Amino acid sequence: MKLKLATYALAAVMAAGPAMADLVFPSLSYRTGPYAAGGIPFADGYADYFTMINERDGGVGGVPIKVIECETGYSTEKGVECYESTKGQGALLYQPLSTGITYNIIPKTGVDNIPVHSMGYGRTSAANGKVFEWVFNYPTNYWNGASVAVKHILDQEGGDLNGKTIALLFLNGAYGKEPIPTLNVLAEKHGFDLTLLPVEGATMQDQKSQWLQIRREKPDYVLMWGWGAMNPAAIQEAANIRYPMDHFIGVWWSASENDVLPAGDGANGYKALAIHAPGNNFPLYDDLKANVYDKGMTAGAGDQSGTVLYNRGLYAAMLAVEAVKTAQGIHGVGQIDAAMMRDGMEALEMSSDKMAALGLPGFGPEFSVSCENHGGNGLAAVQQWDAASKTWSLVTDYISPDSDVVNALIAADSAAFAAENNISERCN
Amino acid sequence: MPEQLLFAMEVILNGLMAGVLYSLVALGFVLIFKASGIFNYAQGVMALFAALTLVGIMEGQVPFSHLINAVFGTNIHEFGWQVPAVLAIILTIAVMVLLAIAVERFVLKHLVNQPEIILFMATIGLAFILEGFGDLMWGSEIKILDVGLPQGVSDIVETTTFGWFGYGFFIDKLDMVAAVIAVLLVILLTIFFKYTKQGRALRAVADDHQAALSVGISLRFIWVLVWSIAGIVALVAGMMWGAKSGVQFSLSLIALKALPVLILGGFTSIPGAIIGGLIIGVGEKLFEFSIGPLIGGATENWFAYVLALLFLVFRPQGLFGEKIIERV
Amino acid sequence: MIYREAGDFSASYKEDSQTFPIRFDRIAFYAFVVVAFLVVPFFINDYWANAVLLPFLIYAIAALGLNILTGYTGLVSLGSGGFMAVGAFASYKLMTSFPDVNFAVHILLAGFITAGVGVLFGLPSLRIKGFYLAVATLAAQFFLVWLFNKVGWFFNYSPTGIINAPPRTSFGFEVTGPAASVSVKYVFCLSFVVVLALIARNLTRGSVGRKWMAIRDMDIAAEIIGVNPLTAKLSAFAVSSFFIGISGALFFSVYLGAVEVADTFSIQKSFLLLFMVIIGGLGSIFGSFAGAAFLVLFPVLMKNVLTGWWGWPTDLATHVEVMSVGLLIVVFLIMEPHGMARLWQIAKEKLRLWPFPH
């Protein structure tokens with residue numbers, strides 16, 4: 001029986017054989033499982049943008065895009081299966097949208113020579129292009145995010161945080177622990193106290209202890225690094241204890257409509273970091289409507305358009321397409337391969353003129369990528385939720401992080417990785 | 001009164017409230033275990049399924065819309081009507097009863113007289129089926145459940161305790177409602193078991209399957225009955241947790257919270273489930289409050305089990321479990 | 001017709017008690033092993049190794065281990081995920097502390113360390129029985145995962161707590177790290193599987209195994225006939241944890257290469273392993289393999305058929321896949337409640353009589 005199963009599986013793999021005539025973008029999505037609520041809008045946005053490019057422009061530089069969607073359910077093992085099944089099909093770029101899968105793929109990138117773009121997630125020190133040749137995490141990363149959040153708090157407090165307390169509520173796993181080293185350094189620098197409040201992933205809806213502690217100790221600000229069901233539960237609990245919502249700041253993964261809507265009016269004023277603008281008030285949406293929605297070619301149910309995570313999917317796809325254009329410019333061919341894609345990503349420049357020309361004026365921060373710097377300029381803005389109109393809006397400009405602090409940490413962590421894996425620095 | 005003591009009291013009160021919610025989930029397990037000796041692994045998924053169905057009916061969602069759209073190329077999502085909460089709850093109960101009938105008809109009937117581990121395994125299969133079915137039917141996006149349950153800090157408790165101690169206690173109104181509902185549920189179940197014909201039949205089955213059969217009690221009916229009740233308990237638990245953070249996949253994980261409760265209280269005792277829940281709730285919250293900050297927090301998960309373990313070492317059959325008599 | 005025992009005579013006790021008493025089985029088994037070792041490595045590609053065979057082999061080791069505890073000794077364990085984590089972190093600490101040692105040695109040491117931890121958490125089993133014992137193992141599960149997530153020493157103080165397997169060699173071949181060839185990885189895991197399966201088979205049919213089974217069937221009776229429950233139960237915990245620790249070490253270092261403990265070794269993994277053992281067949285070596293194969297290969301197969309062939313949307317395919325696993329479990333149970341191993345046995349017996357069943 002095992003053999004028979006094996007034959008079928010083999011046949012299946014053969015059937016999905018390579019099709020080299022396209023620009024292939026695997027989408028390791030999760031439309032099922034515990035984090036589906038976040039995975040669905042991202043995957044929809046990612047696919048819809050590529051569809052629009054195909055329909056409107058006939059592809060990039062005349063070469064059509066092919067998206068291979070593969071369901072990971074946020075599980076690393078399924079992610080491995082997806083990676084292995086798609087990498088032979090001419091994949092140009094992986095965006096796994098999962099910390100676990102990103103860490104799993106990072107070592108393989110150097111062998112398979114396919115770049116990874118973990119946009120605002122994954123391994124923070126991958127911003128150091130000297131060590132991580134194939135990994136990119138522009139426009140920003142968690143450590144920059146933590147720094148931007150503290151800067152925003154500094155702004156609100158008139159530049160002085162001495163004696164203040166900031167609590168970090170985080171998902172007790174790799175993702176949630178990311179900002180801690182940065183916040184520790186910043187706490188020393190600015191003289192605030194940092195309280196750590198871990199939330200166990202298996203029972204992330206139950207945060208009573210953490211919020212009772214917040215109510216007792218009354219930290220001046222609460223930062224949140226949450227994902228999935230942890231976010232709405234936290235915002236609901238914050239509303240329950242009447243914590244001042246504008247002192248509660250989430251990272252960009254705790255920033256979607258899904259997170260604030262369940263708490264209703266109680267969520268009004270909740271803040272979150274943003275790496276791109278929310279809403280659908282952009283000329284690009286007219287193109288999407290004409291070329292995708294009206295033709296019934298949406299990837300999902302079509303009801304996610306304009307949400308924060310849908311926009312993030314659009315943004316990720318847009319950056320990928322721009323990198324393809326850059327790569328085509330460098331190498332002078334339309335049908336690029338993964339190595340050329342990497343060159344394109346490394347030479348990517350996002351200026352405001354470029355974004356405006358794409359129909360996305362002011363959508364994201366300006367940044368440029370180089371051989372040494374795979375992390376962009378690290379800018380992030382702050383967005384705020386208005387419960388009455390049910391919309392997010394940006395309340396600050398893009399704030400630049402405290403680069404001295406963050407870059408030193410990145411250098412230290414990537415050096416440790418390089419030593420452990422015998423990697424010699426490049427770009428010299 | 002010293003501040004720390006007040007804080008501890010607040011933590012204990014909230015632990016009791018959390019314990020009630022754990023008990024609600026555990027209750028569903030106990031009912032089925034008592035009547036049929038099955039450890040129903042699917043209880044958590046049943047809570048998710050019930051909550052999904054409730055929201056789906058209330059919002060007038062078209063069931064299987066995604067599947068229909070994919071197969072026929074249509075684009076339907078909603079009927080366009082809103083069903084009042086009470087009606088939706090009744091309809092959901094009907095769905096849960098149908099589910100119970102289906103489970104009996106297609107699974108349990110074929111597995112009469114099998115060892116417990118086999119029946120446990122069947123519920124594993126059931127959990128998989130329900131998980132896929134629920135998502136297929138209603139989609140896996142997060143859904144907002146609003147059946148009009150109050151939420152937020154209770155002002156009465158806060159101001160009263162502030163008047164007494166100079167520190168206002170925090171009690172979530174939703175937790176208070178849950179506690180009331182749990183008490184009502186237990187009273188209703190007790191009355192049902194004690195004073196109705198079906199309830200007595202159920203207790204007879206719990207005591208001895210064969211003897212119950214021989215006096216003419218229909219085992220199949222009892223199973224449908226007990227799975228229906230467990231379905232209703234799952235619905236209540238799903239509503240309470242769903243109101244907190246939306247209805248989504250993670251809801252099925254609340255079953256994890258019920259395991260130490262069950263083990264502590266004994267699989268067969270309804271009072272055990274309640275008291276076990278309270279002990280676990282208070283114990284883990286108090287530990288997190290007092291010891292947690294010293295060792296880095298997020299201790300609740302494992303401490304619940306350590307607590308249950310400590311009790312078990314002294315009473316291996318659980319607090320209220322039937323005494324294990326072993327003969328060779 | 002071909003599958004016959006006629007003409008197969010046992011001339012000694014040794015022959016009578018061998019693992020495959022029927023010659024056809026024996027030949028088929030040896031042929032299978034030869035193909036697995038000498039043919040498959042030359043044809044294997046990345047997808048087959050990383051997505052199908054490696055997880056299957058590694059899960060099979062864990063299922064074997066859990067089967068020793070749950071199937072042979074009757075002690076229900078929901079701590080397997082935690083014990084796998086012990087193996088993974090032990091191998092990580094060893095491979096980063098002693099990079100030049102043969103990696104196979106590290107794997108074995110990781111197994112022994114896990115065995116020690118397993119014995120420690122097995123102590124309550126002397127007093128607590130049945131489903132109630134699950135609590136002791138669940139405490140292990142949650143506590144161990146919490147510990148590995150919390151204490152920086154275990155993950156060499158990396159900021160995230162994710163551990164990465166650096167390249168290490170065994171007998172001159174690179175077995176971990178991204179550059180290791182999949183054939184080497186496959187043969188490395190397969191060797192462990194074969195050796196461990198042999199050990200498991202011989203332990204379970206020897207005096208140790210008989211003691212375990214006596215405890216499982218009726219512990220008080222076993223005690224009366226002279227089986228020491230202390231040594232029997234703890235040895236079951238030790239052997240079982242040894243297996244599970246090895247599988248955890250391989251899972252981390254050879255298969256995934258990077259592991260986040262709260263994610264990879266969560267309670268879901270413990271349940272998955274328990275499902276494998278129950279569905280495969282409690283108290284059966286073959287069952288451990290069958291259960292692992294079913295729960296690893298079937299979803300991959302379904303996924304390839306539904307999305308690869310028929311082009312279904314991925315979410316629909318996943319829902320249907322999950323439902324089908326559940327349906328198949330129920331159908332299997334109704335057809336044959338004692339797991340796939342029993343089903344296999346019945347099939348063989350039918351085959352032996354075919355085409356004249358009477």
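Since we're looking at a predicted model, the values are computed, not measured.

## So, the interface of chain C and chain B
- Taken together, the contact pairs 38 residues of chain C with 43 residues of chain B.
- Take the side of chain C that touches chain B: its biggest share by element is 13 residues, from helix 14 (residues 314-335) of chain C.
- Classifying every residue of the side of chain C that touches chain B by side-chain character gives 32 nonpolar, 2 polar and 4 charged.

## Let's talk about the packing of helix 13 (residues 285-309) of chain C against helix 15 (residues 339-353) of chain C
All names here are of chain C.
- It is the contact of helix 13 with helix 15, at a shortest axis distance of 7 Å, that shows an interaxial angle of 110°. Here helix 13 lies roughly perpendicular to helix 15, going by the angle between them. In terms of crossing hand, the pair formed by helix 13 and helix 15 is right-handed. Of helix 15, the residues touching helix 13 (which contributes Phe 286, Gly 287, Ala 290, Gly 291 and Phe 294) are Gly 339, Met 340, Ala 341 and Trp 344.
- Along the lines of polarity and charge, the residues of the contact of helix 13 with helix 15 split into 6 nonpolar, 3 polar and no charged.

## Considerations on the packing of helix 2 (residues 36-57) of chain A against helix 11 (residues 284-293) of chain A
Residues and elements named next belong to chain A.
- Contact geometry of helix 2 with helix 11 gives a least axis separation of 9 Å together with a crossing angle of 80°. It follows that helix 2 is roughly perpendicular to helix 11 by the angle criterion. Judged by residue contacts, Asp 48, Thr 51, Met 52, Glu 55 and Arg 56 of helix 2 engage Asp 287, Leu 288, Asn 291 and Val 292 from helix 11.
- When the residues that make up the contact of helix 2 with helix 11 are grouped by side-chain class, the tally is 3 nonpolar, 2 polar and 4 charged.

## A look at the sheet that holds strand 9 (residues 271-274) of chain A
Residue and element names in this part refer to chain A.
- Ordered by their spatial adjacency, 7 strands build an open sheet running 6-5-7-8-9-12-13, and the pairing between neighbours is mixed. At either margin of the open sheet sits one strand with a lone partner, and together these are strand 6 (193-199) and strand 13 (391-394). Within the sheet, the average angular offset between the axes of one strand and its neighbour, ignoring direction, is 25°.
- One ladder, built from 5 bridges, connects strand 5 (residues 165-171) with strand 7 (residues 221-225); its direction is parallel. Residue pairing for strand 7: Leu 169 is matched across the bridge by Met 224.
- With respect to the sheet, helix 8 (residues 208-217) is in contact with strand 5, strand 6 and strand 7, its orientation differing from that of strand 6 by roughly 160°.

## What about the interface of chain B and chain A?
- Counting residues at the interface gives 35 residues for chain B and 37 residues for chain A.
- Elements supplying a minimum of two residues to the side of chain B that touches chain A: helix 1 (3-36), helix 10 (219-245), helix 11 (255-265), helix 12 (270-290) and helix 14 (300-314) of chain B.
- Looking at which element gives the most residues to the side of chain B that touches chain A, the answer is helix 1 of chain B, with 5 residues.
- The class makeup of the residues in the side of chain B that touches chain A is 13 nonpolar, 13 polar and 9 charged.

## Some points on the nonpolar core
- Residues Leu273(A), Leu24(B), Ala51(B), Leu54(B), Val226(B) and Val135(C) are the most contacted members of the largest nonpolar core, which totals 378 residues.
- When residues of this core are assigned to their parent elements, the largest contribution, 18 residues, is made by helix 3 (residues 46-72) of chain C.
- Leave out the neighbours within four places in its chain, and Ala51(B) touches Leu145(B), Gly238(B), Met239(B), Gly242(B), Val247(B) and Leu251(B).
- Counting 5 residues, the second largest nonpolar core, distinct from the first, contains Met302(C), Leu306(C), Leu316(C) and Ala317(C).

## Observations concerning helix 2 of chain A
- Given a rise of 1.5 Å per residue, 22 residues ought to cover 32 Å, and the 31 Å separating the end C-alpha atoms of helix 2 of chain A matches this to within 8%.
- Remark: Gly58(A) follows helix 2 of chain A within two positions and exhibits a positive phi of approximately 70°.

## Thoughts on the environment of Asn113(B)
Residues and elements named next belong to chain B.
- Residue position: Asn 113 is located in the loop between helix 4 (85-106) and helix 5 (116-138).
- By the C-beta count within 10 Å, which is 8 here, Asn 113 ends up exposed.
- Asn 113 sits 96 residues away from His 209 along the chain, and the two C-alpha atoms are 9.5 Å apart.

## With respect to unusual backbone geometry
Residue and element names in this part refer to chain A.
- The residue after Tyr 138, namely Pro 139, is reached through a cis peptide bond having omega 5°.
- With respect to the element layout, Pro 139 can be found in the loop between strand 4 (135-136) and helix 5 (142-156).
- In this model, Lys 390 sits at a positive phi of 55°, which is unusual for a non-glycine residue.
- Relative to the helices and strands, Lys 390 is located in the loop between strand 12 (381-386) and strand 13.

Definitions and cut-offs
Residues numbered from 1 in each chain as written. Chains lettered and ligands numbered in written order. Predicted model: local features only at pLDDT ≥ 70, side-chain atom pairs only at ≥ 80, totals over all residues. Contact = placed C-beta atoms within 7 Å. Helix = DSSP H or I, 4+ residues; strand = E, 2+ residues; numbered from the N terminus. Nonpolar A, V, L, I, M, F, W, Y, C, P; charged D, E, K, R; others polar. Axes fitted to C-alpha atoms, helices over the stretch in contact; angles between N-to-C directions. Parallel < 35°, antiparallel > 145°, perpendicular 65-115°, else oblique. Left-handed = near helix turned anticlockwise from the far one by under 90°. Pairing = 2+ DSSP bridges. Core = buried A, V, L, I, M, F, W, Y, C linked by C-beta atoms within 7 Å. Buried ≥ 20, exposed ≤ 12 C-beta atoms within 10 Å, placed from the backbone. Expected span 1.5 Å × (residues − 1).

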